[in-house]
Amino acid sequence: MIPFIDLQAQRQRIAPQIAAAVTRVIEHGGYVLGPEVAELESKLSEFVSSESNTIPHTVTCGSGTEGLSMVLMAWGVGSVSGGSAKDAVFCPAFTFVATAEVVALVGAVPFFVDVEEDSFNMSPASLAAAIIEAKNQGLIPRVVIAVDLFGQAANYSAILPIAAEAGLRVLCDAAQAFGGEVTLAGSNHRQKIGSVGHATVTSFFPAKPLGCYGEGGAIFSCDMDLVVKLKSIRAHGMGEDRYQNIRLGINGRLETIQAAILLQKLTIFADEIDLRQGVAAHYDRLLSDMGAVAKGVKLPRVAAGNLSAWAQYTVILPMGCDRARVIAELKSAEIPSMVYYPIPLNRQVAYCDFPLVAAGVGVSESLAERVLSLPMHPYLAVETQMRIAEVFCRAIF
Ligand SMILES: Cc1ncc(COP(=O)(O)O)c(C=O)c1O
């Protein structure tokens, strides 16, 4: 079986540097919040800054899920964090569960919004309707969690003004999109994901565009008041010193060894994002030339002004196409494929009682039945892509 994501190819490129970095941490002994953590935070801030935006601060944390919860806690959303049990947080129905899980865990209400087929991301029109409906249901709209699914930024040019008008904060769930870029309306500069919204969270889970060798995450924000709270929350709500607890917190720290590994991976990350553009463009060409598009397969689209981090290369199969058979045919040719995500969150057992927009989330439900992600990583060889495209195109009818 070829790897779906080839982490070993990447490791071979920088194996001695990673081994040396890990050894340094073991020898200096600062395993928790050691010097590599501060160095990584400063390098990540540098990475997400550009001429068109102020430099965001970075607070690393133990995972993307922790990062999302920490921001909601810092904003006092939900009954656990000092807010109300009626606080509504708007989430797309088509996303990984963590986006909505954190909302319910802080004691707020995840309110499901539909997505757009072209981008897989939150529909601004559905969001606008959901905000009005939530108010009518007696909920208190607080936050929008826009997800940058599969590596591409959500439509922030439309979402930010809708949120601003309703007085909501925007939390960008960029777990899959670190390294991506976006151009906001009225600007002629692409800016890095991590520099839009009130705060952005990313994940360093191994399979993510920038992954560590375990769990990890980071939060970006230009709001210094938020940054101070986040640093306190990730250390059990500490105050001036460690044994003074001035708010509820968690153990949300990134391990120094993971920071040391990420520092090494960051040195080749911009190049890897470039390589991913080439792999995606090659899939586009092969799948068009070999007839998949003519057979009704929809290729992933990147909106003008966006740069995708290409965490996934996800196609939409034609209506009526037997996805299970396509997956089986790929598998019998030793080609892995994945369905992200087979069940929209509003249909999950743990989430089906939470509210959703009155018009429904039909696009999310249709995508859940038709999406398929093909192997994607920076080191995917052209010949391998040709084989994948050939088997895939043969399997579509
Ligand atoms: C959209 C999205 N949000 C949040 C997360 C959670 O990140 P982590 O696995 O680092 O907790 C993920 C991870 O897959 C994700 O894809």
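Keep in mind the model is a prediction, meaning the values are calculated, not measured.

Enquirer: Got a sec to walk through the overall build of the chain? Specific residues and values, please.
Expert: Summing up its helical and strand segments, the chain has twelve helices and eleven strands in all. Compactness check: the chain gives a C-alpha radius of gyration of 21 Å against a globular reference of 21 Å for 397 residues, within 12% of the reference. Dimensions along the principal axes, computed over C-alpha positions, put the chain at roughly 65 × 60 × 40 Å. At a minimum sequence separation of 6, the contacts of the chain that also span at least 24 residues come to 74%. Across the chain, the 30 positively charged side chains and the 38 negatively charged ones have centroids separated by 1 Å.

Enquirer: Report on the site of the ligand, specifying residues and quantitative values.
Expert: Of all residues adjacent to the ligand, which total 15 residues, the nearest are Gly64, Thr65, Asp173, Ser203 and Lys208. Between the ligand and aspartate 173 there is a distance of 2.7 Å, counted from a nitrogen atom to a side-chain nitrogen or oxygen. Separating an oxygen atom of the ligand from a side-chain N or O atom of serine 203 is a distance of 2.7 Å. Here the ligand, which alone exposes 390 Å², has 92% of that area covered by the protein. Those elements that place two or more of their residues in the shell around the ligand are helix H3 (64-74) and helix H4 (98-105). Classifying every residue of the shell around the ligand by side-chain character gives five nonpolar, eight polar and two charged.

Enquirer: Tell me about the nonpolar core, residues and numbers included.
Expert: Membership of the largest hydrophobic core comes to 60 residues, with the highest contact counts inside it found for Phe90, Tyr156 and Leu171. At six residues, H3 tops the list of elements feeding residues into this core. Of the domains in this structure, domain 1 (7-266) and domain 2 (269-395) are the two that each give at least three residues to this core. Every residue in contact with leucine 171, bar those within four places of it in the chain, is listed here: Leu68, Val71, Leu72, Trp75, Val143, Val144, Ile145, Ala146, Ala199, Thr200 and Val201. Counting residues in each nonpolar core, the second largest holds 28 residues, with Val279, Leu287, Val297 and Leu380 among its members.

Enquirer: Let's hear about the packing of H3 against helix H7 (residues 224-233): which residues, and what values?
Expert: Relative to each other, H3 and H7 sit at 120°, their axes nearing to 9 Å. Looking at the two axes, H3 sits oblique to H7. With respect to the hand of their crossing, H3 and H7 are arranged in right-handed fashion. Taking contact as the criterion, the partners of Met70, Val71, Met73 and Ala74 in H3 are, on H7, Leu226, Lys229, Leu230 and Ile233. When grouped by side-chain class, the residues that make up the contact of H3 with H7 number seven nonpolar, no polar and one charged.

Enquirer: Can you lay out the pairing of strand S11 (residues 371-374) for me, pointing to particular residues and giving the numbers?
Expert: Of the two faces of S11, both are covered, the one formed by Val371 and Ser373 as well as the one formed by Leu372 and Leu374. The pairing of strand S10 (residues 313-316) with S11 spans four bridges and is classified as antiparallel. Looking across to S11, one finds that isoleucine 316 is bridged to valine 371.

Enquirer: Lay out helix H9 (residues 269-289) with the relevant residues and their values.
Expert: With 21 residues, H9 should cover 30 Å at 1.5 Å per step; its first-to-last C-alpha distance of 30 Å lies within 8% of that length. Along H9, the positions that sit buried rather than exposed are Phe269, Glu272, Ile273, Arg276, Val279, Ala280, His282, Tyr283, Leu286 and Leu287.

Enquirer: Go over the sheet that holds strand S3 (residues 109-113) with me, naming the residues and quoting the values.
Expert: Sheet architecture is open: seven strands sit in the order S1-S9-S8-S5-S4-S2-S3, paired in mixed fashion. Looking at which strands have only one partner, the edges of the open sheet turn out to be strand S1 (57-61) and S3. Neighbour-to-neighbour, the strand axes of this sheet turn through a mean angle of 25°, independent of strand direction. Across the sheet, helix H5 (residues 124-136) lies against strand S2 (87-92), S3 and strand S4 (140-147), angled at about 140° from S3, the strand it touches most.

Enquirer: Outline H7, supporting the account with residue identities and numerical values.
Expert: Of all the positions in H7, only Leu226, Val227, Leu230, Ser232 and Ile233 are classed as buried. Put simply, aspartate 223 is the residue that caps the front of H7, since its side-chain oxygen is 3.0 Å from the backbone nitrogen of aspartate 225.

Enquirer: Lay out the pattern of salt bridges in plain terms, naming residues and giving numbers.
Expert: Tallied over the full model, the rule gives 13 salt bridges. The partner of arginine 370 in a salt bridge is glutamate 117, and the shortest N-O contact between them spans 3.7 Å. Pair noted here: arginine 370 is in helix H11 (residues 362-370) and glutamate 117 is in the loop between S3 and H5, with a separation of 253 residues, a long-range link. Looking at glutamate 117, the relative accessible area reads 25%, which means it is partly exposed.

Enquirer: With reference to specific residues and values, describe a nonpolar patch on the surface.
Expert: Taken together, the side chains of Ile26, Tyr31, Val32 and Leu33 present a nonpolar region at the surface, about 380 Å² in accessible area. Here isoleucine 26 is to be found in helix H1 (residues 7-28).

Enquirer: Outline the domain arrangement of the chain, supporting the account with residue identities and numerical values.
Expert: Taken as a whole, the chain is organised into domain 1 (7-266) and domain 2 (269-395). In this assembly, 48 residues from domain 1 lie in contact with 41 residues from domain 2. Summed over the three residues of domain 1 that lose the most area to domain 2, namely Phe112, Glu117 and Phe150, the buried surface amounts to 19% of that side. Remark: the boundary between domain 1 and domain 2 carries five salt bridges. Notably, a salt bridge pairs aspartate 271 with arginine 13, separated by 2.7 Å at the nearest N-O pair.

Enquirer: Outline the side chain of glutamine 176, listing residues and values.
Expert: Tracing the backbone through its elements, the reader meets glutamine 176 in the loop between strand S5 (169-173) and strand S6 (181-182). From its side chain, glutamine 176 meets the backbone nitrogen of phenylalanine 150 in a polar contact 2.7 Å long. Excluding its chain neighbours within four sequence positions, the residues that come into contact with glutamine 176 are Asp148, Leu149, Phe150, Gly151, Lys208, Pro209, Ala309, Ala311 and Tyr341.

What counts and how
Residues numbered from 1 in each chain as written. Predicted model: local features only at pLDDT ≥ 70, side-chain atom pairs only at ≥ 80, totals over all residues. Heavy atoms only, no water. Helix = DSSP H or I, 4+ residues; strand = E, 2+ residues; numbered from the N terminus. Rg over C-alpha atoms; globule rule 2.2 N^0.38 Å. Contact = heavy atoms within 4.5 Å. Lys, Arg positive; Asp, Glu negative; His and termini not counted. Charge placed at Lys NZ, Arg CZ, Asp CG, Glu CD. Near = heavy atom within 4 Å. Polar contact = N/O pair within 3.5 Å; in protein donor to acceptor, adjacent residues only side chain to side chain. Areas by Shrake-Rupley, 256 points an atom, 1.4 Å probe, with all protein chains shown as cover. Nonpolar A, V, L, I, M, F, W, Y, C, P; charged D, E, K, R; others polar. Core = buried A, V, L, I, M, F, W, Y, C linked by side-chain atoms within 4.5 Å. Buried < 20%, exposed > 50% of the residue type's maximum accessible area, 1.4 Å probe, protein only. Domains from an automatic or database assignment. Axes fitted to C-alpha atoms, helices over the stretch in contact; angles between N-to-C directions. Parallel < 35°, antiparallel > 145°, perpendicular 65-115°, else oblique. Left-handed = near helix turned anticlockwise from the far one by under 90°. Pairing = 2+ DSSP bridges. Expected span 1.5 Å × (residues − 1). Salt bridge = Lys/Arg side-chain N within 4 Å of Asp/Glu carboxyl O. Patch = residues over 30% accessible without salt bridge, like charges linked within 9 Å, V, L, I, M, F, W, Y side chains within 5 Å. Buried area = accessible area lost by both parts, 1.4 Å probe.

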